[in-house]
Structure formats: C-alpha cells, structure tokens
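# Structure at a glance
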Amino acid sequence: MRAKRYAIGLIIPGWDRRATYIRAGLVVVDRELDFRFRDQVRPFDDEKTEASLEFVLDMLQNTKTIILFKSAEVVPPDLLYSLDAILHVPRPGTRLVRGVVRWAYGV
C-alpha cells in the first residue's frame, strides 16, 4: 500500500491460519520487518472484546495498522467508524498462491 497512513480491518477466511495473515500484513506494512511480530498487525479477540477493543484503539496511533477479524459479526460498532476500510479477504486460489511465490521468491 502506498498510503502513508491507514487503519484497515480484514475479515479473513480460515481463522486458524491467522498467523500467516499477520506475517503477510507485516510485509505489507514494512518489508524490512523481517517477519517479526509488531503491534501494527493484530487479530481481534472477540472473546475478550473490551480488552481487545482498547488494544486496537491504542494501535490506531500507529501510522499503519491492520486488524484481523474472523467474521463481520465480531467487528465492534466503534471500529466501524475508526477504520478506513473493512475488507473481506477471499480464500486464496492456486493462481494467487503461484503469484505470491513468484513475487516473494522471484521464481
């Protein structure tokens, strides 16, 4: 993303694979992060809504923030207006996986 400042929510398929989406989000935020977990990309824990909401609102102080959600139903109303966009991420197909491998490894 070319924008200097943004806060987006991603509704991802396969919540059990959220660590993969976190790593991918970190590369989008800053390619020099070397896949280390930082506070720019985090999953939203709908079981601890209050604590998670406070943490996410603190994250919005970052210049770039990506929040992962397991479904549209768990997005708190406060975040609907705080985030620049909330996007549904489709399941990756074979074409997308091949493209990512080519992009990441230059194959």
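Throughout what follows, the structure given in this document is the object of discussion. Residue positions within a chain follow its written sequence, with the count starting from 1. Predicted model: local features are reported for residues with pLDDT of at least 70 only, side-chain atom pairs are reported and counted for 80 or more only, and whole-chain, interface and lining totals are derived from all residues. Calculated side-chain values reflect all of the structure's heavy atoms, with hydrogen atoms and water omitted.

### Considering the overall build of the protein
A run of H or I in DSSP becomes a helix once it reaches four residues, and a run of E becomes a strand once it reaches two; helices and strands are each numbered from the N terminus. A tally of regular secondary structure across the protein gives 4 helices and 4 strands. Written out in order from the N terminus, the α and β elements of the protein read β-α-β-α-β-α-β-α. Throughout, exposure labels follow a simple rule: accessible area from a 1.4 Å probe, protein chains only, divided by the maximum for the residue type, with under 20% read as buried, over 50% as exposed, and the rest as partly exposed. Of all 107 residues assigned to the protein, the portion counted as buried reaches 35%. The contact criterion used throughout is that any non-hydrogen atoms of two residues lie within 4.5 Å. When contacts within the protein are restricted to residue pairs at least 6 apart in sequence, those whose partners lie at least 24 apart make up 63%. We get accessible surface area from the Shrake-Rupley algorithm with a probe of 1.4 Å; when it comes to residues, only the shown protein chains can shield them. A total of about 7,600 Å² of accessible surface is found on the protein, and carbon and sulfur atoms cover 52% of it.

### Digging into the environment of D58
By the secondary structure assignment, D58 is in helix α2 (residues 49-59). In this structure D58 comes out as exposed when scored by relative accessible area, which is 55%. When the C-alpha atoms of D58 and D39 are compared, they prove to be 9.6 Å apart, with 19 residues separating the residues in sequence.

### A word on the packing of aromatic side chains
Each aromatic pair joins two rings of Phe, Tyr and Trp (for Trp, the six-membered one) with centres within 6.5 Å, and gets the label stacked for planes under 30 degrees apart, edge-to-face for over 60, and tilted for any other angle. Under the definition given, this model contains 1 aromatic pair. Centre to centre, the rings of F44 and F69 are 5.4 Å apart; their planes meet at 45 degrees, and the pair counts as tilted. Of the two residues, F44 sits in the loop between β2 (41-43) and α2 while F69 sits in strand β3 (residues 64-69), which places them 25 residues apart along the sequence. Looking at F69, the relative accessible area reads 0%, which means it is buried.

### With respect to the pairing of strand β1 (residues 6-11)
Counting buried residues in β1 gives 6 out of 6 residues, a clear majority hidden from the surface. Here β1 shows no split at all, with Y6, I8 and L10 on one side and A7, G9 and I11 on the other all buried. Paired strands are those between which DSSP finds at least two bridges. In terms of strand pairing, β1 meets strand β4 (residues 85-88) through 4 bridges, oriented parallel. Pairing of I8 across the sheet is with A85, part of β4.

### A word on the nonpolar core
We call a set of buried Ala, Val, Leu, Ile, Met, Phe, Trp, Tyr and Cys residues a nonpolar core when their side-chain atoms join them within 4.5 Å. Counting 13 residues, the largest nonpolar core has F44, V56, I67, F69, L79 and L83 as its most contacted members. Going through the elements one at a time, β1, α2 and β3 are the ones with two or more residues in this core. Examining the composition of this core, we find that 3 residues originate from one element, α2, more than from any other. Within the second largest apolar cluster, 12 residues are counted, among which are I8, Y21, L26 and V29.

### Details of the sheet that holds β1
Across the sheet, 4 strands lie side by side as β2-β3-β1-β4; this open sheet has parallel pairing. The open sheet has two free edges, formed respectively by β2 and β4, since each of these has just one partner strand. Each adjacent strand pair in this sheet contributes to an overall mean axis angle of 20 degrees, direction not counted. Where β2 meets β3, 3 bridges bridge the pair, whose relative direction is parallel. Looking at β3, one finds that P43 is bridged to L68. All axes are obtained by fitting lines to C-alpha atoms, using only the stretch in contact for helices, and the reported angles, taken between N-to-C directions, cover 0 to 180 degrees.

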